[in-house]
There are 2 protein chains.
Amino acid sequence: MKIAFLGLGNMGEAMATNLLNAGHELTVYNRTASKAAPLEKLGATVAATPAQAVQDAAIAFSMVTDDAALQALCTGPYGFLPALAQGAIHASCSTVAPDTNRRLAEEHARHGSHLVATPVFGKPEAAAAAKLWLVMAGDEGAKQTLRPVLEVLGQGSAQDFGPDPGAANVIKLCGNFMLGAAIQAMAEAFTLAQKSGLERQQVYEFFTTTLFNLPVYKSYGKLVAERHYQPVGAAPAIIRKDLRLVLDEARTHVVPMPFANIIFDQLSATVAKKEDVDWAGFAERVAENAGL
Amino acid sequence: MKIAFLGLGNMGEAMATNLLNAGHELTVYNRTASKAAPLEKLGATVAATPAQAVQDAAIAFSMVTDDAALQALCTGPYGFLPALAQGAIHASCSTVAPDTNRRLAEEHARHGSHLVATPVFGKPEAAAAAKLWLVMAGDEGAKQTLRPVLEVLGQGSAQDFGPDPGAANVIKLCGNFMLGAAIQAMAEAFTLAQKSGLERQQVYEFFTTTLFNLPVYKSYGKLVAERHYQPVGAAPAIIRKDLRLVLDEARTHVVPMPFANIIFDQLSATVAKKEDVDWAGFAERVAENAGL
């Protein structure tokens, strides 16, 4: 199938590589063109603009940093939406506000194409290993076409959250919030244990082999236990943006979220300190505030 | 082996039954004597006082509600500590302050016996199914004697947290706090999703089959998704006491714990409302505060 992939950050590059390896005919675009070189070597065509990338594509994936970048990709100068073929599908993978995908979906419909929100869960390693968890929401026919293509990217089938594309983004925001809550909880627990005379590492090992024997606790918990937040899977600024979207959604729908406010503030402090760490590095605020 | 079991609540009764089924010679004691009847039918001897229960016992288990109850059981009128044989071991399973077990361990040492802190993780169903997770801390020789006996109660071997009995209680407090954090996180996420137009049940099912595919998320999450907090595994007042101990420990060691403060307040509100619900029912405060 002719597929375009727009946005070749850590996540996008890994996903595009898997699509290419699955035998799809891939055209890629990235704002910083040099990032397309590895995919070009693997056989992808590199386009000079978003509009050029989607020529003849049945499916266009996008994976960019935020709402503004997605909007620009679609409807900015050389944006791809006017160039997208009738009946073509835009698989919108970025973590953006639910309303952004809803509005863009309406614009796609006016152009005769479809936007399906397809946010993904997982670190870049999970993307590379085709072990992402995927969700999707949007037009029914478009989801049917998309389903087998998405299977190349993740473990299991993409979970369908119905016709409202925003619903998939709500799930994505809930998920990132819940990951943040797990990180803050481990940070508080490990710090309390350490100041009570225990070894952080032993506490980590106990919980992640018993009650919290789960990849997300193991992977983020290791960073928290060791207080060494490398490698950078996602920068604090990226996930702070996600938590801001959580709080925006909570304000719109009038939902008090005390945990989400705390995580957002921890991420804000981490962004302000300009540390080059994974977003889980916000756990360090808990240790610091306890004088460690 | 001759074993005494003191405290036959939901947890204690299930654990005592498993010790009996493993072939140990069991003497039991409970403040409300009628609760001992099922164990008596299974072959246990019922003692009239704590002191009488531990006569000739090599190991005495205790599983009571709080620090005061444990202290009374040991050193109150008819308390068992003076009656415990030289070299006998008290396996102290209750969730109490680390310092309570430390102080009691010193008293045991003065009497020539040992206190090993052996708190357990799991609901009454897990206790009945011998699927508790166990930790232990205290005298090395006493732990060696205790280890095979504890294996009858749980899955896997008890994790050893060293010679300081308080360390095992720190771990227990950290675990209950982390469970509370998972419940609050799900409550906020499910409530946000519901008010954004999604079904709580579908959100629950997605997360507990993907990122949070873990028994504790599944079991507590089901209550949160359905907003029906039955059966009562542990009453809100019991776990509020545990969170109070977490905050006491955090104050002693000067550890700011913003999540723990929130969970404690949610539990306080739930206790104040006198609802007959499982402790996870504090999640209902999140839904209520969002007008659901």
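Residues numbered from 1 in each chain as written. Chains lettered and ligands numbered in written order. Predicted model: local features only at pLDDT ≥ 70, side-chain atom pairs only at ≥ 80, totals over all residues. Heavy atoms only, no water.

## Quick notes on the sheet that holds strand β5 (residues 89-92) of chain A
Think of a sheet as strands paired side by side through backbone hydrogen bonds, with each pair either parallel or antiparallel. Residue and element names in this part refer to chain A. Here is the rule: In short, DSSP must find at least two bridges between two strands for them to pair. Numbering of helices and strands runs from the N terminus, with a helix taken as a DSSP run of H or I at least four residues long and a strand as a DSSP run of E at least two residues long.
An order of β3-β2-β1-β4-β5-β6 is seen for the six strands of this open sheet, with the pairing classed as parallel. Two strands in the sheet have a free side with no partner beyond their single neighbour: β3 (45-46) and β6 (114-117). With five bridges joining them, strand β1 (residues 2-6) and strand β2 (residues 25-29) adopt parallel strand pairing. Paired with F5 across the bridge in β2 is V28.

## As for helix α8 (residues 165-195) of chain A
Residue and element names in this part refer to chain A. Counted only if it meets this: Between the first and last residue of a helix there are one fewer steps than residues, each counted as 1.5 Å, and that sum is the expected span. Think of it in three bands: residues with accessible area under 20% of the maximum for their type are buried, residues over 50% are exposed, and the middle band is partly exposed, with areas taken using a 1.4 Å probe on protein chains only. Pairing of N or O atoms within 3.5 Å defines a polar contact, subject to two protein rules: one partner must be a possible hydrogen donor and the other a possible acceptor, and residues neighboring in sequence count only if both atoms are side-chain atoms.
Its 31 residues give α8 an end-to-end C-alpha distance of 46 Å, which sits within 8% of 45 Å, the value for a rise of 1.5 Å per residue. By the criterion of burial, α8 is predominantly enclosed, with 29 of the 31 residues buried. N-capping of α8 is provided by D164, with a side-chain oxygen placed 2.9 Å from the backbone N of G166. Looking at the residues trailing α8, positive phi occurs at G197, about 105°.

## Overview of the nonpolar core
Put simply, the rule reads: Working definition of a nonpolar core: buried Ala, Val, Leu, Ile, Met, Phe, Trp, Tyr and Cys residues. They are joined through side-chain atoms within 4.5 Å. Note on contacts: a residue pair qualifies if any of its non-hydrogen atoms lie within 4.5 Å across the two residues.
One finds F177, F212 and Y217 of chain A together with F177, F212 and Y217 of chain B to be the most contacted residues of the largest nonpolar core, which totals 124 residues. Not counting residues up to four positions away in its chain, the partners in contact with F212 of chain B are M178, L179, L214, V216 and Y217 of chain A together with F207 and Y217 of chain B.

## Some remarks on the relation of the copies chain B and chain A
Stated formally: When the copies are superposed, the least-squares fit draws on C-alpha atoms of residues that have pLDDT of at least 70 in both.
Mapping chain B onto chain A calls for a screw motion: a turn of 180° about the axis and a shift of 0.0 Å along it, with 0.0 Å RMSD after fitting. Put plainly, the chains are arranged around a two-fold axis. Taken as a fraction of all interface residues of chain B, those also at the interface in chain A reach 100%, which identifies the copy contact as same-surface.

That is the geometry; function is a separate question.
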